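Next come the chains, spelled out residue by residue.
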Amino acid sequence: PPASIPVEATLPVELTDFTGTVDARGMAVLHWATAVERDINYFALERSADGIAFAEADRVAAAGTSSQRLAYQWPDPQRLARPTYYRLRQADRDGAVHYSAVVILTPPAPRVRLARMIEVYPNPSAGQLVHLLLQGFEGEALTLHLADALGRPVFAQALTPTEVQCRAQLALPAGLSPGTYVITLA
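Residues numbered from 1 in each chain as written. Predicted model: local features only at pLDDT ≥ 70, side-chain atom pairs only at ≥ 80, totals over all residues. Heavy atoms only, no water.

### Remarks on the overall build of the chain
Consideration 1: Counting secondary structure elements, the chain contains 0 helices and 14 strands.
Consideration 2: Start at the N end of the chain and walk to the C end: the helices and strands fall as β-β-β-β-β-β-β-β-β-β-β-β-β-β.
Consideration 3: Relative to the compact-globule value of 16 Å for 186 residues, the chain shows a C-alpha radius of gyration of 30 Å, a clear excess of over 25%.
Consideration 4: Every one of the 186 residues in the chain was classed for burial, and the buried ones make up 33%.
Consideration 5: Counting contacts in the chain only where the partners sit at least 6 residues apart, residues at least 24 apart contribute 55% of the total. (Helix = DSSP H or I, 4+ residues; strand = E, 2+ residues; numbered from the N terminus. Rg over C-alpha atoms; globule rule 2.2 N^0.38 Å. Buried < 20%, exposed > 50% of the residue type's maximum accessible area, 1.4 Å probe, protein only. Contact = heavy atoms within 4.5 Å.)

Laid out in structure tokens, this is it:
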């Protein structure tokens, strides 16, 4: 009778993880790591809008053969507009292919931006401290310009609101004559 010899089949790659991250701008980066690689040709990143029909987005060269942990990453050049499905196709040098589990990445929720608003008070100031309320300018570097009724510059102040609603005191020059002034933000 013929003798049977058990053959231990080992996969050419031991994929330890396949994950992804999305930044605040909606840009995705896929990360994966291998514990072992044997005669691997490349990794292909595949993208899908529905999780069914995948298309190759790019290829990343594999180490080929390695017995140590290797980490890879791939930044998707396309901004995410909707949930996107990714999978990793591993191509061996002998032509065989293997697929990872599917990762679904979702773009960040759009930020609700409040309408921009500027209030100056008290108006008229009658010599009191003048305050400014800014809404919807958070994170923007602004310069407030104060000009007299003839358009001549009188004062400038830099502001960078850190919150959706920001209150600031205007450091107006001492001895400012009573009159009509125009404030602009740039």
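### Section: the nonpolar core
Consideration 1: Core analysis: the biggest nonpolar cluster contains 17 residues, and Phe18, Leu30, Trp32, Leu45 and Tyr86 have the highest contact counts within it.
Consideration 2: Contributions of two or more residues to this core are made by strand 2 (27-37), strand 3 (40-48), strand 5 (70-79), strand 6 (84-92) and strand 8 (103-105).
Consideration 3: Ignoring anything within four residues of it in the chain, the contact list for leucine 45 reads Phe18, Leu30, Trp32, Ala55, Glu56, Ala57, Asp58, Val60, Trp74, Arg87 and Leu88. (Core = buried A, V, L, I, M, F, W, Y, C linked by side-chain atoms within 4.5 Å.)

### Comments concerning unusual backbone geometry
Consideration 1: Here tyrosine 121 and proline 122 are connected by a cis peptide whose omega angle stands at -10°.
Consideration 2: Position of proline 122 relative to the elements: it lies in the loop between strand 9 (117-121) and strand 10 (131-135).
Consideration 3: For the bond from asparagine 123 to proline 124, the omega torsion is 0°, close enough to zero to count as cis.
Consideration 4: With respect to the helices and strands, the residue proline 124 is situated in the loop between strand 9 and strand 10.

### Side note on the confidence of the model for the chain
If pLDDT is low for a region, its predicted coordinates should not be looked at in detail.
Consideration 1: Mean pLDDT for the chain: 88, with 91% of residues reaching 70 or above.
Consideration 2: Every residue in residues 4-9 scores below 50 in pLDDT, and together they form 0 contacts with partners more than four places removed in sequence or on other chains. (pLDDT = per-residue confidence, 0-100.)

### Observations concerning the packing of aromatic side chains
Consideration 1: Within this structure, the stated rule accounts for 4 aromatic pairs.
Consideration 2: Residues tryptophan 32 and tyrosine 72 carry aromatic rings whose centres are separated by 5.4 Å and whose planes lie at 5° to one another, so their mutual orientation is stacked. Of this pair, tryptophan 32 sits in strand 2 while tyrosine 72 sits in strand 5; the two residues are 40 residues apart in sequence, bridging distant segments of the chain. Tyrosine 72 carries the same exposure label as tryptophan 32, and that label is buried. (Phe/Tyr/Trp six-rings, centres within 6.5 Å; stacked < 30°, edge-to-face > 60°.)

### A short note on the sheet that holds strand 10
Consideration 1: The 3 strands are arranged 9-10-13 in an open sheet whose pairing can be described as antiparallel. Edge positions in the open sheet fall to strand 9 and strand 13 (165-169), since each of these has one partner strand only. When the angles between neighbouring strand axes are averaged without regard to direction, this sheet yields 15°.
Consideration 2: In terms of strand pairing, strand 9 meets strand 10 through 5 bridges, oriented antiparallel. (Pairing = 2+ DSSP bridges. Axes fitted to C-alpha atoms, helices over the stretch in contact; angles between N-to-C directions.)

### Overview of the sheet that holds strand 11 (residues 142-148)
Consideration 1: The strand order across the open sheet formed by 3 strands is 12-11-14, and the pairing between neighbours is antiparallel. One side of each edge strand has no neighbouring strand; the edge strands of this open sheet are strand 12 (153-159) and strand 14 (181-185). Taken over all neighbouring pairs, the strand axes of this sheet differ in orientation by 15° on average, direction set aside.
Consideration 2: Alignment of strand 11 against strand 12, held across 6 bridges, turns out to be antiparallel. Across the sheet, threonine 143 pairs through a bridge with alanine 158, a residue of strand 12.

### Quick notes on the pattern of salt bridges
Consideration 1: Within the structure shown, the criterion is met by 10 salt bridges.
Consideration 2: A salt bridge links arginine 69 to aspartate 17, with the nearest nitrogen and oxygen atoms 3.8 Å apart. Of this pair, arginine 69 sits in the loop between strand 4 (55-61) and strand 5 while aspartate 17 sits in strand 1 (residues 13-22), and the two are 52 residues apart along the sequence.
Consideration 3: Judged by relative accessible area, which is 55%, arginine 69 ranks as exposed.
Consideration 4: Given a relative accessible area of 29%, aspartate 17 falls into the partly exposed group.
Consideration 5: Residues glutamate 140 and arginine 116 are paired through a salt bridge, measuring 2.2 Å at the closest nitrogen-oxygen approach. Of this pair, glutamate 140 sits in the loop between strand 10 and strand 11 while arginine 116 sits in the loop between strand 8 and strand 9, and the two are 24 residues apart along the sequence.
Consideration 6: A residue is classified by how much of its surface remains accessible, and glutamate 140, at 24% relative accessible area, is partly exposed. (Salt bridge = Lys/Arg side-chain N within 4 Å of Asp/Glu carboxyl O.)

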